[in-house]
Amino acid sequence: MTDEAILQLTRQPATQEEGFRQLVWKYQQRLYNIVRRKVSSHEDADDILQNTFVKIFRHIKGYEGRSELFTWMYRIASNEVINHQKQISRMKIVSLEDQDTGMAEGYVNTDDIPGSLEKAVAGLPERQQMVFRMRYFDELSYKQIAELLQLTEGALKASFHHAVRKIEEEFRAKQIL
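Just so it is clear, the structure is predicted and the values come from calculations on it, not from any experiment.

Examining the overall build of the chain
When you go through the chain residue by residue, the secondary structure sums to eight helices and zero strands. In the chain, the succession of helices and strands from N to C terminus is α-α-α-α-α-α-α-α. Burial status across the chain gives 36% buried among its 177 residues. Nonlocal contacts in the chain, meaning residues at least 24 apart in sequence, comprise 59% of its contacts between residues at least 6 apart. Accessible area for the chain stands at about 11500 Å²; split by element, carbon and sulfur atoms hold 49% of it.

Quick word on the packing of helix α1 (residues 3-11) against helix α2 (residues 16-36)
Viewed as axis vectors pointing N to C, α1 and α2 meet at an angle of 145°, and their least axial separation amounts to 6 Å. Touching D3, I6, L9 and T10 of α1 are Q16, E18, G19, F20, Q22, L23, K26 and Y27, all from α2. Taken together, the residues of the contact of α1 with α2 break down into five nonpolar, four polar and three charged.

Quick notes on the layout of surface pockets
With a probe scaled to a water molecule rolled over the atoms, the places where space remains empty come into view. Quantified by volume, the second largest pocket comes out at close to 280 Å³. As for the second largest pocket, its lining consists of G62, Y63, E64, G65, R66, S67, T71, W72, R75, E147, L148 and Q150. Those elements that provide at least two residues to the lining of the second largest pocket are α4 (69-91) and α7 (142-149). Looking at the lining of the second largest pocket element by element, the count peaks at three residues for α4. Split into classes, the residues belonging to the lining of the second largest pocket amount to three nonpolar, five polar and four charged.

Comments concerning the packing of α7 against helix α8 (residues 153-173)
At a minimum axis distance of 9 Å, the contact between α7 and α8 shows a crossing angle of 105°. Here α8 runs roughly perpendicular to α7, going by the angle between their axes. Only E153, L156, K157 and F160 of α8 make contact with α7, whose side of the interface consists of Y142, K143, I145, A146 and L149. Along the lines of polarity and charge, the residues of the contact of α7 with α8 split into six nonpolar, no polar and three charged.

Let's talk about the confidence of the model for the chain
If pLDDT is low for a region, its predicted coordinates should not be looked at in detail. Confidence in the prediction for the chain averages 82 pLDDT; 84% of positions are at 70 or higher. Confidence drops under pLDDT 50 across residues 93-111; counting only partners more than four residues distant or on other chains, this segment forms six contacts.

Calculation notes
Residues numbered from 1 in each chain as written. Predicted model: local features only at pLDDT ≥ 70, side-chain atom pairs only at ≥ 80, totals over all residues. Heavy atoms only, no water. Helix = DSSP H or I, 4+ residues; strand = E, 2+ residues; numbered from the N terminus. Buried < 20%, exposed > 50% of the residue type's maximum accessible area, 1.4 Å probe, protein only. Contact = heavy atoms within 4.5 Å. Areas by Shrake-Rupley, 256 points an atom, 1.4 Å probe, with all protein chains shown as cover. Axes fitted to C-alpha atoms, helices over the stretch in contact; angles between N-to-C directions. Nonpolar A, V, L, I, M, F, W, Y, C, P; charged D, E, K, R; others polar. 1 Å grid on protein atoms, 1.4 Å probe; cavity = no way out; pocket = protein on both sides within 12 Å on 5 of 7 lines; lining within 4 Å. Points joined across faces, edges and corners; volume = space filled by probe spheres on them. Parallel < 35°, antiparallel > 145°, perpendicular 65-115°, else oblique. pLDDT = per-residue confidence, 0-100.

This is the structure:
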C-alpha cells in the first residue's frame, strides 16, 4: 500500500484505525531497526517504538507532506531516542571510565568492536554524531539527512567525513585498526 493511500485512510474517521494498522505494518520493522541500533536493549527499543507510534498516531493529521512520510516518522523516532537517552543519562551513577575492566593493557577484544564504535561515536560533537548515525547505521541518503537536519548536503558530507576521520584516529590509537 502506498504512503498516500495509507494517509487517506488515516484521515477518514471510518478508516482511521485501518490506515494506522497499515502504517504500523509497513514501517514497524524499519523503525525498530533504526531505534535498536541506538539503544542498548530490545526492551528499550520496544518502548521507544511504542512511544513513537503513539506520537505518530496523535499527530498524523498534522503531517503536511513537506518531507517523505518515512522521514517524518524517522524524526519522531529519533527524538524519542534522544528523550530516552536523556532519561538514562540522568539515572547513571557510575560512568564507564570509572569501571575497571580487568583487561591487560594493549589487549584488544575484537568481540567488542561494536561497543568501541559506539563509544567513539558518542565522543563526537553532536552534529557529527547525528550525521554519522543517520548515514552509517540508518543508511539514509544525504538528501534525506539534509531534510531532517535542515542543512546542506555539502555540510553533511563534511561532517560525515570529519566523523569518520576521528573514529579512525581513535581506533588507531587503541590499535583496533
